[in-house]
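Now for the letters of each chain:
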Amino acid sequence: MRPIVKRLNVGALEQREVVQDDWRYLGEEGVDVAARPALIVPFAELRTNIAQWRDYGGRLGVRLSPADAVEDLGEDVSRLALIAAEFPSAGEGRGYTQGRLLRSRFEFKGELRAVGAGVKQDLLFIMARCGFDAFELAPGQKVEEALRAFERYDVAYQPAEPLDSIRQQRFFATG
Amino acid sequence: MYQYDQLDQAFVDQRVAEFRDQTRRFLAGELTDDEFKLLRLRNGLYIQRHAPMLRIAIPYGLLSTQQLRKLGDIAHRYDRSFGHFTTRQNLQLNWPRLEDVPDILADLATVQMHAIQTSGNCIRNVTADHLAGIAQDETDDPRPYCEIIRQWANLHPEFTYLPRKFKIAVTGSPEDRAASEVHDVGLHLRRDAQGNIGFQVLVGGGLGRTPIIGQVIREFLPLPDLLSYLNAILRVYNRYGRRDNIHKARIKILVKAVGIARFRDQVETEWRAAKDISPRIEAAEVERVRSFFKPPAYESLPNIDAAAGREPEFQAWYRYNTRPHKVSGYRAAFVSLKAHGQNPGDMSSGQMEAVAALADRVSFGLVRVTHTQNLLLADVKQSELYGVWQELRKLGLAMPNIGTLTDMIACPGLDFCSLANAGTLKVANQIQQQFDDLDYLYDLGDIEIKMSGCMNACGHHHVGHIGILGVDKHGEEWYQITLGGSVNGSTSLGQVIGPSVAQAEVASTIERIVEVYRSEREDGERFIETFRRIGVKPFKEGAYATHCEAA
């Protein structure tokens, strides 16, 4: 089972904890799609067989690659319980924009998960500020250090969630 | 100047603590070289030819004397008692120890300074006109807006891992003194018919391997929309900029590939879609930041002819190294970092300390860094210029060559930089020797030499009236010469005149080039004007004349 770092009660009372992943990837060893597990499918697969997946009877998630356009999810965003954005390396930055767009423009309320070899403790803070609330850590990352990584800053210059102004942001610390 | 409040200070302090921990983990073997590289680059730390190089941010080139003293002190304690001012108005330390860098950053934080985002694929230090706030032709002081952008860009969560670096320059005057047209984004302050502040926005300029002049994406962007519009530009770039080839990853390549019209559509579409949820700059925030840039307490003074009756050396300094001021009775005075025999842009700890003391006495405790690698005392009483000159002369900082051929820009080159092909500093010294006669320099007038040790063009060679680029030919240093580049007024890119020349030939080739100018110029014509009138051909013939004779 994969450990997942999760932010709970995002906001003033936010807590972080590590949970065992209750999601499965399509094609992962031992996954029985017929049993309708909570299932993450690649974006290309979702688009190719969209009618079939709309009728999937379990919780459904999608995995985006950096080049995937979130607009192409269309109204299916509201059907998804999870969207995973891939950070294949620490220098790949498109996932941050995917996260921001999903949260702010497409009002995605489900789990937004950062996945891939780039999900390392030093980037968790900015991922969180782009709307990610679940983190599938890259191999070798230490869970305790990852949990502490969110607490490095208690101030930030930019509105992380829709706010009206910089000024407002200046006087409300965010985590 | 801007003063941190407790939030600004907390941010920088927390950043230092974060980097201290990252450095500790690297030294303990918990981070690989590649992992640490991404993190250190966001704090201005390179691993160079001889040692790490730390690039300290000097936002829009403005320093308090307390900060300048601290820079001198840091250079003394952690380096070899000198620093190198760059074309992006920053300061580079060439010999710090990696282990010391967290302490250096902590020291910087005590004077409200940092090295955040001075390297790496992120939004870099915002630069501005060095005459901001004092220029006679200025629409408005650009520095408050630079500060607003600086804050917005600091650890921007969405734009910290861009395809490539991203540079913004802001000017407040019709005359572009910030090279804004060769920046990823150039912002030109304007007022609309009602007098409201806004910006003409240029995008996609840049030097490097593929020099391109920025194009107008928006004629007038109202100030409250500044950050939301930058957000839209950065977002389109972050999504669609190339990441497969480092040499094709700047925004200029994207703009060129899709064309400015389509790029504009993408940005405007993104901007409209995000407008309601993007940060608008409130009037109260603008006022808060602007209040830090109020003019100092100028005295009411008449203009005087400070040079009258003084010795010729002072008159020359006055003519070349001072500039008019919008307030009567004052002038701006350059601190020349271009003394012959010295590396362009270098300054010793002792000089920093002494200039800080001088600025405390005569220029309201502020110093500016220019993108041409000099310092500027912006607000000197005309009656005090003579004393300032005497003092600067004692310090070796009064070389009366600002705007002349030896006021050249040069990157650190092979002596320090691991990317360089060529020893630019050696060539700079060679040119200084060749053109050591001041009367000859003055006769040549306004000529800008810009020199880079490699294609990355840190020395802006593409936009030098005379550009010099170091190239490697089978392990030997050669120099390619371009003519006709410019960033002041009408920006143009230089044209290559022909085959590159050997290191020993650079200065003499330049002398032959300027001799062509001397014989071809018409009354009062500057080098760049003569070049534009007669074209590259006569210069080409002149530059290689001796080679032809020899053959």
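Position numbers for residues start from 1 in each chain and track the written sequence from start to end. To read the labels, note that chains go from A and ligands from 1, taken in the order they are written. Only residues with pLDDT of 70 or above have their local features reported here, since the model is predicted, and side-chain atom pairs are shown and tallied only from 80 upward, although totals for entire chains, interfaces and linings are computed over all residues.

Enquirer: Give me the lowdown on the overall build of chain A, citing residues and values where you can.
Expert: In terms of regular secondary structure, chain A is built from 6 helices and 8 strands. Helix and strand labels come from DSSP, where a helix needs a run of H or I of at least four residues and a strand needs a run of E of at least two; each type is numbered from the N terminus. When its helices and strands are written in sequence order, chain A yields β-β-β-β-α-α-β-β-α-β-α-β-α-α. Its C-alpha atoms give chain A a radius of gyration of 16 Å, within 12% of the compact-globule value 16 Å for 175 residues. Considered along the principal axes of its C-alpha atoms, chain A spans approximately 50 × 35 × 30 Å. Across chain A, the fraction of contacts at a sequence separation of at least 24, relative to all contacts at a separation of at least 6, is 41%. C-alpha atoms define the radius of gyration in this analysis, and the globule rule sets the expected value at 2.2 Å times the number of residues to the power 0.38. C-beta atoms are first placed from the backbone for all residues, and any pair lying within 7 Å is then listed as a contact.

Enquirer: Tell me about the domain arrangement of chain B, and name the residues and values.
Expert: Residues and elements named next belong to chain B. Residue ranges for the domains trace back to a domain assignment, done automatically or taken from a database. Taken domain by domain, chain B comprises domain 1 (6-61 + 71-109), domain 2 (134-290), domain 3 (312-394) and domain 4 (409-550). A C-alpha centroid distance of 28 Å is found between domain 1 and domain 3. At the interface, 15 residues of domain 1 touch 13 residues of domain 3. Looking at the side of domain 1 that touches domain 3, the elements that each hand over two or more residues are helix 3 (65-78) and strand 4 (82-85).

Enquirer: Now, about the sheet that holds strand 5 (residues 91-93) of chain B: what can you tell me, with residues and values included?
Expert: Residue and element names in this part refer to chain B. Spatially, the 5 strands line up as an open sheet ordered 1-2-5-4-13, and their pairing is antiparallel. The strands lining the two open edges of the sheet, one partner per strand, are strand 1 (45-47) and strand 13 (346-348). Geometrically, the sheet is characterised by an average inter-axis angle of 30 degrees between neighbouring strands, direction not taken into account. Summarising the sheet, strand 4 and strand 5 pair through 2 bridges and their orientation is antiparallel. Looking at strand 5, one finds that His84 is bridged to Gln92. For two strands to count as paired, DSSP must find a minimum of two bridges between them. Whenever a helix is involved, its axis is fitted only over the stretch in contact; in every case the axis is a line through C-alpha atoms, and angles between N-to-C directions fall within 0 to 180 degrees.

Enquirer: Give me the packing of helix 1 (residues 6-27) of chain B against helix 4 (residues 101-109) of chain B: which residues, what numbers.
Expert: All names here are of chain B. As a packed pair, helix 1 and helix 4 sit with axes 9 Å apart at the nearest point and diverge in direction by 175 degrees. Classified by the angle between their axes, helix 1 and helix 4 sit roughly antiparallel to one another. Contact with helix 1, carried on its side by Val12, Asp13, Val16, Phe19, Arg20 and Thr23, involves Val101, Pro102, Leu105, Ala106 and Ala109 of helix 4 and no other residues of that element. Grouping the constituent residues of the contact of helix 1 with helix 4 by class yields 8 nonpolar, 1 polar and 2 charged. By definition in this entry, angles of less than 35 degrees are roughly parallel, angles greater than 145 are roughly antiparallel, angles of 65 to 115 are roughly perpendicular, and the rest are oblique. The classification used treats Ala, Val, Leu, Ile, Met, Phe, Trp, Tyr, Cys and Pro as nonpolar, Asp, Glu, Lys and Arg as charged, and all other residues, Gly among them, as polar.

Enquirer: I'd like to hear about the sheet that holds strand 8 (residues 185-191) of chain B, residue by residue, with values.
Expert: All names here are of chain B. A sheet is described by the order of its strands in space; here 5 strands give the open sequence 6-7-8-9-10, paired in mixed fashion. Each edge of the open sheet carries a strand with a single partner, namely strand 6 (127-128) and strand 10 (215-222). In this sheet, strand 8 lies alongside strand 7 (residues 168-171) in parallel orientation, the contact comprising 4 bridges. Within the sheet, the bridge partner assigned to Ile168 lies in strand 8 and is Val185. Its contacts with the sheet place helix 6 (residues 226-240) against strand 8, strand 9 (197-203) and strand 10, and it is angled at close to 15 degrees to strand 9.

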